[in-house]
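# Report on the structure
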Amino acid sequence: MKHYRPPGKKKEGNAAKYITRSQAVKLLQVSLPLFRKLCILKGIHPREPKKKVKGNHHTYYHLKDIAFIQHDPLLEKFREQRAYEKKIKKAKAKKNQERANRLELRRPDYKLDRLVLERYPKFVDALRDLDDCLTMVHLFAALPVSDRKKVEAERVHNCRRLSHEWQAYISRTHRLRKVFVSVKGIYYQAEIQGQKITWLTPHALQQVLPDDVDYTVMLTFLEFNETLLAFVNCHLYHTINVTYPPILDPRLEAFAEELYALSRWFAATSSTSMVDSEASGLSGSEQVKSEQETSLNESELRLAQLQHQLPSNEPGALMHLVEDLSGEDEEDEDTRECKKLFRTMKFYLSREVPRESLLFVIPAFGGMVSWEGDDAPFGEGDENITHQIVDRPTQAHRILSREYVQPQWIYDCINARIILPTEGYLVGRVPPPHLSPFVDNDAEGYVPEYAETIKRLQAAARNEVLPLPGIGKDDLEDPQNLLAEGVIDRAEAKEAAERKQMMMTLEKQYHDELKKELHGVQYSSSVSNMQSSFGEEMEEGKEEALPDMQQIAEDTENLSKIVMPRKKRGLYEAMQIGKERKRAHVALLEERKKKIKESQKSNGN
Amino acid sequence: MGKQSRSKEEGGNMTKKKTTNTPHKQLPPPESDSDSDSASEYHDEDEEFSEDDGSEDFESLRHSETEDSASSGDEEGIVDEGMPSDHSSDEEEESETSQQQQLDEGVEESDSSDDEVHDRNTVGYVVPLKWYENEKHIGYDIKGRKIKKKEKDDKLQSFLARTDDSKTLRISDEYNDEEVELTKGETKFIRRLLKGKAPHPDFDPYAPSVDFFKWDGAKHPLSNAPEPKRRFIPSNWDKKMVVRIVRAIRKGLYHFEEPKKEPPVRPLWVDESSSTEKSRHLANIPAPKLKLPGHEESYNPSLEYIPTQEEIDAYQSMYEEDRPKYIPKRFPSMRSIPAYENAVKELFERCLDLLMCPRKWNNRIDIKPESLKPKLPSKKDLKPYPMTCYLEYRGHTDAVMSVSVDASGQWIASGSRDGTVRIWEVETGRCLRVWEVDEAVKCVAWNPVRELPVLAVSVEQDILILNTGFGNEEEQERAKELLLVKAPISLDDSGNTASIVSWLHDDKHGGIRLRHFKTVSSIEWHRKGDYLSAVMPAGESRAILIHQVSKKQSQRIPFKLHGLPVSSVFHPTRSIFFISTKKNVRVYDLVKQKLIKKLETGLREVSSIAVHPAGDNVIVGSREGKLCWFDMDLSSQPYRTLKCHPKDITSLAFHRSYPIFASGSDDCTAYVFHGMVYSDLNQNPLIVPLQILRGHRSSNGRGVLDCKFHPRQPWLFTAGADSVIKLYCH
């Protein structure tokens, strides 16, 4: 039915509220690329109207959204820019290069800080939306500069700087919670103000810029994301009383060790920071140690650092100490736990390990770390090193006092929040599977083998650490016992299963016999039609009674489904399909596991 | 000391100059006769050279010319400066001499004269030599003395002389009266000239021409336009511009651009309290976050997450949408992880999603599927109802099409496709009687009056009304009387020769045979046992007939039929007649002869209908396995539609006293429902599925063909296509 609107009447409902994209572009009097840019910067997205007045194949924007763009000063700014562009073009066409150059310098510029505040009126809102921003900035920090694709060196450097600032904050305040090394890159999850922020950093390798990607769209996103991250970083730095654009040691920067430089900056300004005194003292001692090791020509730099530290020894520092203590209460239990994980350990990174990631991760969990290269805090020969992170097939020269482990060990320890035994991760071995910390195994219905062992180890660790007095001896049993119990349970289960199997076979035998009997009767006797049918019926009745239980259960399920209204039934069936898919996936995994085990057994034999 | 060395150098240079300068003067050798001695020196040298490389090219000549001027300039420079050392000057000398040698050669060749003292004779070429023919002299030398003619050799001598040194070519110079010996080079020259070639072998007549000036896009080789004035007069405009700029600078209007500085990042979100007020704008819908990676995305997943090669190959045959986007891989160590090739692309896709995907709040339902199921009253409270198979009646050899239960509940009759009608005892399962009717039986129906044990059977086009022979004598008597047809009666359609139906006496079975003009699909007795309705789906306007057995009469129903009739039912208490067509059910009042109601089933094809014993509720079964419950007081739409069977519903039945009904279907099952109708009109009927009865086997794609309840007990009889009748009891 076609709706007829009388001439004097205004549009109503969805027709009045939503307009298509082309209508919006027309309304704003901008080009489509500019419209896109405005949408990206203002954070305006199409909406799904309840009724699509213009048809199904249009994108609809809310009229208010478009009006929102229309009244933004940014739109005027872009128009101005366009007019200005024409001026430059004209000057060039008239061969007035001088004017063109001068005009180039005075190009009208715009700032996005107002937009950031408008889109995220509260800081928490910004944090909530930070995932994509961080992923993008981290990826662009790793991209090669390309003129043709408009990826400028300046922006890449800016991205790099921002990402390092972010990581330095996370590492310093021990906010990192989970790390996952995937094929796509390394996922990190941090928790700030109760918001879980997950981002992906690419592996530190050369990225390729594909051709089938519209870089203008991406760069517009990046433009906003850079601004956002800068303000977020600024806010976060101010919360821990560090001045924001951190002034970095140019030498360390030159060595592409901005992260370390940043941590230095933190350490230097820690006198005023809210970070607890112990940590700062720790870093201080670290510095002192490094001071001893490094040669004289580097001491200038260190001296400057120490001078920054000096106020902490002054009487005023005591006040700060108090502050620090009060600050510690604000930290939640998680943070405290994270801070302690690697506290007693000292790591040394070999050349071939992903240094940037580990330099970020290990200090975030309270460890001390050094690497091969100039300006490293301590060298390979340091006797206090407990673990050396190595990722090579063999390690020729070994020092007995330390363990040579693969980098996966660090990540697994972090995800498990305990120090895992290093046997599986030693040099030259194939490490145990690296599991995703983001998966809820129980909900998924399938628990990988290694997840179970980790769980057991965690339980064991908890028991050791927390020998509460109120709890009886049973709970305090050492993990070996627990393990044994588990084994016993399993054995019992196995026995039960076997018994069941036995029963089943017996039953089957009985059935078979019955059948044989039946056939015998049929063959031997030529009784009247009736009787034979009776006999058959009896037999069949018996036969049917046995598989009935299953049938009955199925039937009861079906019966209640019959009475359901159609809508609910559809929903129910959809749920069942989802469940079934999940179950099928789990079954597939289990089958594969079985096959692998069999093949391993056969290989072993 | 420096001075001395310098003087020494100078001296050296001077000496050199002697040797070097001479050839310059000599350049045009024929004119300069002075310095003859030096020249002769050179000549000697020259001869040495000319033997081995007798021919130097013109180019070298030209080269030497240009070099010459340069070198002379050089020399002057050297002299002035006196800088180069002795050694270097020596070297230079050497080079110089070699150049001269080349030069001399060139000179000599160009002139082609053998010695410097050429032309002893001074008479000149103007004077013809024949003037001296008769004189003893041929001319005068430079001092004016007569040059005497040589004695002429006789021919023999000259020949001998020629043969003596045949290697060299000699020619006579008449002018000077001499014999001139030609050098090798000269003979070569002559030979080349004779051949018509350029005399010098290295001369290239077709050398590419090189212009001596540069074109530079000029139309004409050289311009003789006068130098414009502007080239040497300062620009007026420039002056004006400078003046303007100077004035602007003085006034302070002109300031130089400084590179723009980024303003420092100031902390936003300073006072959050101000932003608590709600913005006037629409609420932004945040984009959903990306899915977090699972175990399979790990660089080192458990082995069971990695698909086998066959599985990966199988992905290729899948639809692109179903194909997994990511195939897990395993890397033995972290250093072997390569860069992810789709990183930029995936980020771009995410950007596009953020930009272009319409967003909408979706209420996520977090419910357990079990909670969706309606709470059914417990089955125990709804007992009794048929639950298990108690008896089977075997005897038919083909599908049992229909069963019917005697009003007393003692007997059942069944009609089968094998052409027999059987009567069974319910409690024992004994077959009491068999009628062979030879053709497939469609439908059997007991007369609902207990005192009249009569059975109606539809066989193709006929309906047989048979006397079963049960009951006491009085009843038998009555039945026999009823079934007596004295003469064939036929109902004629007005103007139609072919009779619609004719009443005949059936001799074989001793009953009435009603012969119709089309196949009868279903028959139904009126509750009083006198009327019998028959449906012939192919009968068009005469599809439904009502026969009155007592009067042996038949009549058409006085209503227009809309659509193909399927079956017809009498109302259990009132004179109301239900006719179900394929789509709808129409309810007619037989007394007033008008349509009461039309029930819109909304089904594709109605297959069966049953009326609740109270008469206000009707259930309709369809070929798509759906079952509609109509509450006639409520509306013409179904009160409840139940989708229970996956296949056609073949029959429906209400129990006469218990609140249960059943549906039989081709999927070999029969469902038993609790269908409670309350006397309170405000309360809707309660429908609860109770039991699924299984046991029949499928044959030819058909399962349960008919089901009927026992009149008193909650027992259900089902007729199956597997030629078995089953009794289900509670």
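What counts and how
- Residues numbered from 1 in each chain as written.
- Chains lettered and ligands numbered in written order.
- Predicted model: local features only at pLDDT ≥ 70, side-chain atom pairs only at ≥ 80, totals over all residues.
- Heavy atoms only, no water.
- Pairing = 2+ DSSP bridges.
- Helix = DSSP H or I, 4+ residues; strand = E, 2+ residues; numbered from the N terminus.
- Axes fitted to C-alpha atoms, helices over the stretch in contact; angles between N-to-C directions.
- Buried < 20%, exposed > 50% of the residue type's maximum accessible area, 1.4 Å probe, protein only.
- Contact = heavy atoms within 4.5 Å.
- Buried area = accessible area lost by both parts, 1.4 Å probe.
- Salt bridge = Lys/Arg side-chain N within 4 Å of Asp/Glu carboxyl O.
- Polar contact = N/O pair within 3.5 Å; in protein donor to acceptor, adjacent residues only side chain to side chain.
- pLDDT = per-residue confidence, 0-100.
- Parallel < 35°, antiparallel > 145°, perpendicular 65-115°, else oblique.
- Nonpolar A, V, L, I, M, F, W, Y, C, P; charged D, E, K, R; others polar.
- Patch = residues over 30% accessible without salt bridge, like charges linked within 9 Å, V, L, I, M, F, W, Y side chains within 5 Å.
- Areas by Shrake-Rupley, 256 points an atom, 1.4 Å probe, with all protein chains shown as cover.
- Lys, Arg positive; Asp, Glu negative; His and termini not counted.
- Charge placed at Lys NZ, Arg CZ, Asp CG, Glu CD.

## What about the sheet that holds strand S23 (residues 594–600) of chain B?
Residues and elements named next belong to chain B.
- If you walk across this open sheet you meet the four strands as S20-S21-S22-S23, and the pairing is antiparallel. Two strands close off the open sheet at either side, each with one partner strand: strand S20 (565–570) and S23. Strand-to-strand, the axes of this sheet are offset by a mean angle of 20°, without reference to chain direction.
- For S20 and strand S21 (residues 576–581), the ladder comprises five bridges, and the chain directions are antiparallel. In the sheet register, Val569 faces S21, and the bridge partner there is Phe578.

## Quick word on the sheet that holds strand S4 (residues 186–192) of chain A
Residues and elements named next belong to chain A.
- Across the sheet, three strands lie side by side as S3-S4-S5; this open sheet has antiparallel pairing. Strands at the two margins of the open sheet, each flanked by one partner only, are strand S3 (176–181) and strand S5 (195–201). Neighbour-to-neighbour, the strand axes of this sheet turn through a mean angle of 15°, independent of strand direction.
- As defined by bridge partners, S3 adjoins S4 across five bridges and the pair is classed as antiparallel. Looking at the pairing, Val179 lines up with Tyr188 of S4.

## Focus: the pairing of strand S26 (residues 626–631) of chain B
Residues and elements named next belong to chain B.
- Most of S26 sits inside the fold, with five of its six residues counted as buried.
- Alignment of strand S25 (residues 617–622) against S26, held across five bridges, turns out to be antiparallel. From the neighbouring strand, Val620 faces S26, where its bridge partner is Cys628.
- Counting the residues in the hairpin turn of S25 and S26 gives three residues, including Gly625, whose phi is positive at 85°.

## Re the interface of chain A and chain B
- Listed as interface residues are 115 residues of chain A and, on the opposing side, 92 residues of chain B.
- Interface area, chain A with chain B, both sides summed: about 9,400 Å², of which 63% is carbon and sulfur.
- Its largest share of buried area at the contact with chain B, chain A owes to Val183(A), Lys184(A) and Ile562(A), together 8% of the area lost on that side.
- Between the two partners, chain A and chain B, sit eight salt bridges.
- Among the salt bridges present, the one from Lys289(B) reaches Asp131(A), with a minimum N-O distance of 3.7 Å.
- Counting every contact that joins chain A to chain B gives 28 residue pairs in polar contact (both at pLDDT 80 or more).

## Focus on the confidence of the model for chain B
- Taken residue by residue, chain B gives an average pLDDT of 77. The fraction at 70 or more is 80%.
- Segment residues 1–115 of chain B is flagged for pLDDT under 50; beyond a separation of four residues in sequence, or across chains, it makes 74 contacts in the model.

## Considerations on the packing of helix H3 (residues 32–42) of chain A against helix H4 (residues 63–70) of chain A
Residues and elements named next belong to chain A.
- Contact geometry for H3 and H4: axes closest at 11 Å, N-to-C directions at 95°. For the element pair H3 / H4, the angle class is roughly perpendicular. Here Phe35, Leu38, Cys39 and Lys42 of H3 come into contact with H4, specifically with Ile66, Phe68 and Ile69.
- Of the residues belonging to the contact of H3 with H4, the class tally is six nonpolar, no polar and one charged.

## Details of the pattern of salt bridges
All names here are of chain A.
- All chains considered together, the criterion is met by 50 salt bridges over all chains.
- Arg392 is the salt-bridge partner of Glu352, the closest N and O atoms lying 3.0 Å from each other. Here Arg392 lies in the loop between strand S8 (387–389) and strand S9 (403–405) and Glu352 lies in the loop between strand S6 (346–349) and helix H18 (355–364), a separation of 40 residues in the sequence.
- For Glu352, a relative accessible area of 24% gives the class partly exposed.
- Residue class for Arg392 comes out partly exposed when judged on its relative accessible area of 27%.

## Some details on the confidence of the model for chain A
All names here are of chain A.
- Of the residues in chain A, 74% have a pLDDT of 70 or more, and the chain-wide mean is 78.
- Considering only residues more than four positions removed or in separate chains, one finds that residues 466–488, a stretch of pLDDT under 50, has nine contacts.
- A low-confidence stretch, residues 520–545 stays under pLDDT 50, and its non-local contacts, those more than four residues away or across chains, total 18 contacts.

## Points about a negative patch on the surface
- A cluster of acidic side chains, namely Asp147(A), Glu152(A), Glu154(A) and Glu262(B), defines a negative patch on the protein surface.
- Checked against the element boundaries, Glu154(A) lands in helix H10 (residues 153–172).

## A few points about unusual backbone geometry
- Here the bond from Lys383(B) into Pro384(B) is cis, since omega is 5°, no more than 30 degrees from zero.
- Relative to the elements of secondary structure, Pro384(B) occurs in the loop between helix H10 (369–372) and strand S5 (388–394).
- For Lys95(A), which is not a glycine, the phi torsion comes out positive at approximately 60°.
- Relative to the elements of secondary structure, Lys95(A) occurs in the loop between helix H5 (73–93) and helix H6 (97–105).
- Overall, the relative accessible area of 74% leaves Lys95(A) in the exposed class.
- One non-glycine residue, Asn700(B), lies in the positive phi region at around 55°.
- Its location among the elements puts Asn700(B) in the loop between strand S31 (686–693) and strand S32 (704–709).
- In this structure Asn700(B) comes out as exposed when scored by relative accessible area, which is 71%.

## Description of a nonpolar patch on the surface
Residues and elements named next belong to chain B.
- Where nonpolar side chains cluster on the molecular surface, the patch consists of Ile249, Leu253, Tyr254 and Phe256 and spans about 440 Å² of accessible area.
- Position of Leu253 relative to the elements: it lies in the loop between helix H7 (236–251) and helix H8 (309–316).
- The class for Leu253 is exposed, based on a relative accessible area of 60%.

## Looking at the side chain of Ser404(B)
All names here are of chain B.
- In this structure, Ser404 sits in strand S6 (residues 400–405).
- Its relative accessible area of 8% is what places Ser404 among the buried residues.
- Within the structure, the side chain of Ser404 is placed 2.9 Å from the backbone nitrogen of Trp446, a separation counted as a polar contact.
- Ignoring sequence-local partners within four residues, the contact set of Ser404 consists of Trp411, Ile412, Ala413, Val444, Ala445 and Trp446.

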